[in-house]
Each structure stands twice: as structure tokens, then as C-alpha cells.
Amino acid sequence: MQRRTWLAALAATTLLAASPLLRAEALAADAFVKQVSADVIDAVKADKAIQAGDVGKIRALVDAKVMPHVNFQRMTASAVGPQWRGATPEQQKRMLVEFQTLMVNTYSGALTQVKDQAVVVKPLRAAADQTELVVRSEVRGKGDPIQLDYRLEKAGDGWKIYDVNVGGFWLVEAYKGQFAKDLSAGGLDALITRLAEKNKSLAQAKN
Amino acid sequence: MSRRLLLAGALGLTLGLTGCATTPPGDVARGDPWERMNRQTFAFNEAVDAAAIKPAAQLYRALVPGLVRQGVGNVFGNIGDAWTTVNLFLQAKPAAGLNMGMRTLVNSLLGVGGVFDVAEEAGLDRFTSEDLGQTFGFWGIQSGPYLVLPLLGPSTLRDTAARALEVNDSPVGRVWHEPRDRNPAQALQLLDTRANLLGASRVFDEVALDKYVLMRDAFLSRRRSLIYDGEPPEDGANSPLPFKKALGPAR
């Protein structure tokens, strides 16, 4: 009896001591990035079909392991710019669908390049109470390391990605440049049509 | 050499002064005043690439064994490391310069002229690549307008001036001094680079709505990022000059 209470007490203290640590781990942005990138890279390495460029499988992987961690609405809104707020909900919905398809294509293309790489997340330099921050990492493999940074925002207990930097180039900035011409010439509808065409031709090229 | 450097210095200074009027210090020049000409050069480059350079790179990749290609890449990498070392010292970064100098020395001596990257195994990895254009940028010289060079691709006025100097004064120019040796060496380097980019360029082709704009934006962002060693300030208007940021009391 006495021994059992002693054990219970020990268990309780351990739990108490561990719980703040567990909480801190759930909140650390660099740990989050480490986990997501390791998940993705491990999944790619384990699957020969993905490395060979199986579009269906890559899509499934991106949908399962990446998209839940991305604030896609925010990315789209900032890539489109001021015209986003003036758009109807229906336009916004179509834009989100087409842009997401293009992004998944982009990401899938990049993932077929993964072979023997590892992601090294750099130490975080941010205050504990920051709700938006940048986590820097590096993809190391054969050849020069590739810079891979993430902009994160706090979402509940965890984090969401709202921009990615590849080799010094932010994705949202990249798409802003790509969208500018169609947006100024024909507005959001013209852009959506363009993206739909692009996605269609990409889908055809792969099948 | 010194006269050419002086010339480039004067050119750079002029660029810097004229650049100040339109762009904040340390920022890349937005807008593309030479877009018409650039797009023509770009179209020419694309045609040459599709007809000759890309097929040649594919052939190179198919015919030459991976180990040999790795060795070729390592030799050019080693020469690049030597030039990086020089530029790190020019940028008043002695610790990084010594590190890179050590890496170059180890690979040149123990790696048989750079064929084997033995320094990598010893933990001396290539943590950065610096060129003269970056050094100019580091000391606050503006990039000037975006400029697409025939065959060589994306550049800026500043980087083109720097590159003109590099042809003779960089290690590539020192190792292969005679043009009849240098030209084949540079052709091989181009092949090596292009072969390494075969996968990436396919992704690039697939996702671009306007490839010219994508390449331009990517190039300008990347150069700016490199000049700030991967951490360019976010607000363009008040961003400190790279050398002030790097050498300032903040670090």
C-alpha cells in the first residue's frame, strides 16, 4: 500500500514535470518545421513511385502531410493583392481551387528532386510570445545547400505556414509577379481562367 | 589589373549614385527599364538552350559516368571556393574567409586539385558562394537595371561589370590563362551547370505563367538575399546597407 502511493506520487510528479515540456514542444516553431519536413522527406524516400514522379501519389502525400499545415487562404490573398477583397465569395473559391492545384504541382515537381537530402533547421531567433515568425532551414545533400525558410503564424496551439522561401525567393512574391499581368489586364476572372488552362495542360502532359 | 579594377570601381560608384535616386539603399531595383531588349535576349537564349545547350547537357549526363561528372563539378566548385575566399576577405569577413580558404587548400592538396571533395568529409562544407558582384553589392553599390546577357542569362548592370572583371582576374582566368584553354573550360563548366539544373528547370517551366518574369524576379530576389547572406531586411525603404548590417553592433 505504502509502496503503491509512493509509485503513484512519483508518476504524478513525473507527469507534472513533463507536461510543461510537452506543451513547450507543441508550441516551438522550429520543432514544428523539423517534424513536417522530416515527415515529408521520409515519406518520399520510402516510396519509389513518388521518386519516379507518380502524380497521384505525390498529390496524396502533399494533401495529407503538407496542406493541413498551410494557411492557404492567406497565401492566396497576399499573392492576389488588393483585388482579393473586392472579389465575390464564388470568385475566391474558384481562385483557391486553381491556385491550390498549381501549388501542389509546383510542390510535386520539387519533391521528385528529393533523393538523399536532409533538412537542417536552424536555431530559432524569436521571442517566445511572437505570433508570426520566420524559421530558417537548409536542405543538405549532394552539392550546395539550398536555403528553405518558412513564415509561420500561430494557429491555436500550433503553427501554420503562410509563405515559403526557396533559395532567397518567397513563394508569395513569386506568384505576385506571375499574377500581376493578368490581374491588371482582365481582373481576377482572367487570372482564374489562365490558371485553369495551365492546370489543364499540366494534367494532360502528365497523363 | 589595377586599372581595370579602378574602372569598375568608378563604374560601380556611378551606378551607386544614380541608383540612389530611384531605389532605397540596399534594395533591388524594381521595375525593368530594359524589358524589351531583355525579352528579346531571353527568347534568343531559350531558343539556343532548347536547340543546343539542353540536349548537350542531357547527352553529357547520359554518356559521362556519374563519378566523372562529380569530379568535374568538384573541380569547378573548388575554383569557385578560391574565388569565394578572395571575396570574403574583400567583404571584411576574415573568419569565413579563413574557413573557406582552408577548405580550398585541403581540396586542392589532398583532393588532387579539387577532383575529390575531401574537405566536405572533414566537416568543412561549402557554406557560401561569393562573387565580385556580391562584394560590390555588399559595399552598397546598387544593382542597376536587370540585364539578360546572351548565353549567360540573368544579370544586372553591376553584376555584368563585375563579371567582365572576373573573366581575367578570377581563379578560372588564372588557372586557364590562354583563351584557347579557357573557352573549352568555360564550355565544360556551362555543361556541368546545365546538367545539374535539368531537373529544376523542368519544374520552373511547368509552373511559370510568364517564364521571363519568373526568372527575373527569382534572380533579383536571390541576388539580394545572397548579398545579405540569406537574411535580407523586410522593409525595403529603411533597410540598412549590407555591410552596415553585417558589421554593425547588432552582431
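Computed from a predicted structure; not experimentally measured.

Undergrad: What am I meant to see in the overall build of chain B here?
TA: The helix and strand inventory of chain B stands at 12 helices and two strands. Across chain B, helices and strands are ordered from the amino to the carboxyl terminus as α-α-α-α-α-α-β-β-α-α-α-α-α-α. Across the 251 residues of chain B, 46% fall into the buried class. Contacts in chain B between residues at least 24 apart in sequence constitute 67% of all its contacts with a sequence separation of at least 6.

Undergrad: What is the right way to look at the interface of chain A and chain B in this model?
TA: Tallying the contact residues gives 32 residues for chain A and 26 residues for chain B. At the boundary of chain A with chain B, total buried surface from both sides reaches about 2,200 Å², with 47% on carbon and sulfur atoms. In terms of surface lost to chain B, no three residues of chain A exceed Phe-169, Gln-178 and Lys-198 of chain A, which account for 25% of the buried area on that side. Put simply, chain A and chain B have three salt bridges between them. Two residues, Arg-136 of chain A and Glu-231 of chain B, come together in a salt bridge whose shortest N-O distance is 3.6 Å. When residues of the side of chain A that touches chain B are traced back to their parent elements, those giving at least two are helix H7 (89–111), strand E2 (132–140), strand E3 (146–155) and helix H8 (171–206) of chain A. Looking at the side of chain A that touches chain B, the element that brings in the most residues is H8 of chain A, giving 13 residues. When the residues that make up the side of chain A that touches chain B are grouped by side-chain class, the tally is 11 nonpolar, nine polar and 12 charged.

Undergrad: Is there a simple way to think about the confidence of the model for chain B in this case?
TA: In regions of low pLDDT, the predicted coordinates are not meant to be interpreted in detail. Residues and elements named next belong to chain B. Summary statistics for chain B give a mean pLDDT of 83 and a share of 84% for residues scoring 70 or more. Confidence scores differ between elements of chain B, with helix H1 (residues 2–22) showing the lowest mean pLDDT of 47 and strand E1 (residues 146–149) the highest of 96. This model gives residues 10–29 a pLDDT under 50, and the stretch forms 35 contacts once residues within four places in sequence are excluded. Interface confidence for the predicted complex, given as ipTM, is 0.79, next to a pTM of 0.81.

Undergrad: What should I look at first to understand the pairing of strand E4 (residues 158–166) of chain A in this one?
TA: The two faces of the sheet receive side chains in turn, since in a regular strand these alternate between them. All names here are of chain A. For E3 and E4, the ladder comprises eight bridges, and the chain directions are antiparallel. Bridging across to E4, Arg-151 finds its partner in Asp-163. As paired elements, E4 and strand E5 (residues 169–170) share two bridges and run antiparallel to each other. Its bridge partner lying in E5, Val-166 is registered against Phe-169. Counted between consecutive antiparallel strands, the loop separating E4 from E5 contains two residues, among which Gly-167 sits at a positive phi close to 60 degrees.

Undergrad: Which parts of the structure should I look at to understand the pattern of salt bridges?
TA: Under the counting rule described, the total for this entry stands at 29 salt bridges over all chains. The residue Glu-153 of chain A makes a salt bridge to Arg-74 of chain A at a minimum N-O spacing of 2.5 Å. A residue pair is termed long-range when its members are at least 10 positions apart, and Glu-153 of chain A in strand E3 and Arg-74 of chain A in helix H5 (residues 72–80) qualify at 79 residues. Asp-117 of chain B is the salt-bridge partner of Arg-103 of chain B, the closest N and O atoms lying 3.1 Å from each other. Pair noted here: Arg-103 of chain B is in helix H4 (residues 94–109) and Asp-117 of chain B is in the loop between H4 and helix H5 (118–121), with a separation of 14 residues, a long-range link. A single burial state applies to Arg-103 of chain B and to Asp-117 of chain B, both of which are buried. Salt bridges sharing common partners tie together Lys-181 of chain A together with Asp-32, Glu-35, Arg-39, Asp-210, Arg-216 and Asp-217 of chain B.

Undergrad: Can you help me understand the sheet that holds E5 of chain A in this one?
TA: Hydrogen bonds along the backbone pair up the strands of a sheet, which may run parallel or antiparallel. All names here are of chain A. As summarised here, the arrangement of the five strands in space is E1-E2-E3-E4-E5, forming an open sheet in which the pairing is antiparallel. Here the strands that pair on one side only, and so sit at the sheet edges, are strand E1 (118–121) and E5. Contacting E1, E2, E3 and E4, helix H2 (residues 29–46) crosses the sheet at an angle of about 180 degrees to E1.

Undergrad: I tried to follow the packing of aromatic side chains on my own but got confused; where do I start?
TA: Given two aromatic rings, one states the distance between the centres and the angle between the planes to describe the pair. Using the criterion set out here, one finds 10 aromatic pairs over all chains in the structure. Here the aromatic rings of Phe-72 of chain A and Phe-99 of chain A are separated by 5.4 Å at their centres, their planes lie at 40 degrees, and the arrangement is tilted. Here Phe-72 of chain A, found in helix H5, pairs with Phe-99 of chain A, found in helix H7; they are 27 residues apart in sequence, far enough to count as distant. Given a relative accessible area of 8%, Phe-72 of chain A falls into the buried group. When its relative accessible area of 2% is taken as the criterion, Phe-99 of chain A is described as buried. Plain terms: the ring middles of Trp-139 of chain B and Phe-243 of chain B are 5.2 Å apart, the flat faces sit at 40 degrees to each other, and that makes the pair tilted. In this pair, Trp-139 of chain B sits in the loop between helix H6 (132–138) and E1 while Phe-243 of chain B sits in helix H12 (residues 242–247), placing the two residues 104 residues apart along the sequence.

Undergrad: Where do I start with the environment of Asp-192 of chain B in this structure?
TA: Residue and element names in this part refer to chain B. Within the secondary structure, Asp-192 sits in helix H9 (residues 179–196). Looking at Asp-192, the relative accessible area reads 9%, which means it is buried. Once the C-alpha coordinates of Asp-192 and Phe-76 are considered, the two residues, 116 residues apart in sequence, prove to be 8.9 Å apart. Here Asp-192 is in contact with Tyr-60, Arg-69, Val-72, Gly-73 and Phe-76, once residues within four sequence places are set aside.

Cut-off values and rules
Residues numbered from 1 in each chain as written. Chains lettered and ligands numbered in written order. Predicted model: local features only at pLDDT ≥ 70, side-chain atom pairs only at ≥ 80, totals over all residues. Heavy atoms only, no water. Helix = DSSP H or I, 4+ residues; strand = E, 2+ residues; numbered from the N terminus. Buried < 20%, exposed > 50% of the residue type's maximum accessible area, 1.4 Å probe, protein only. Contact = heavy atoms within 4.5 Å. Buried area = accessible area lost by both parts, 1.4 Å probe. Salt bridge = Lys/Arg side-chain N within 4 Å of Asp/Glu carboxyl O. Nonpolar A, V, L, I, M, F, W, Y, C, P; charged D, E, K, R; others polar. pLDDT = per-residue confidence, 0-100. Pairing = 2+ DSSP bridges. Axes fitted to C-alpha atoms, helices over the stretch in contact; angles between N-to-C directions. Phe/Tyr/Trp six-rings, centres within 6.5 Å; stacked < 30°, edge-to-face > 60°.

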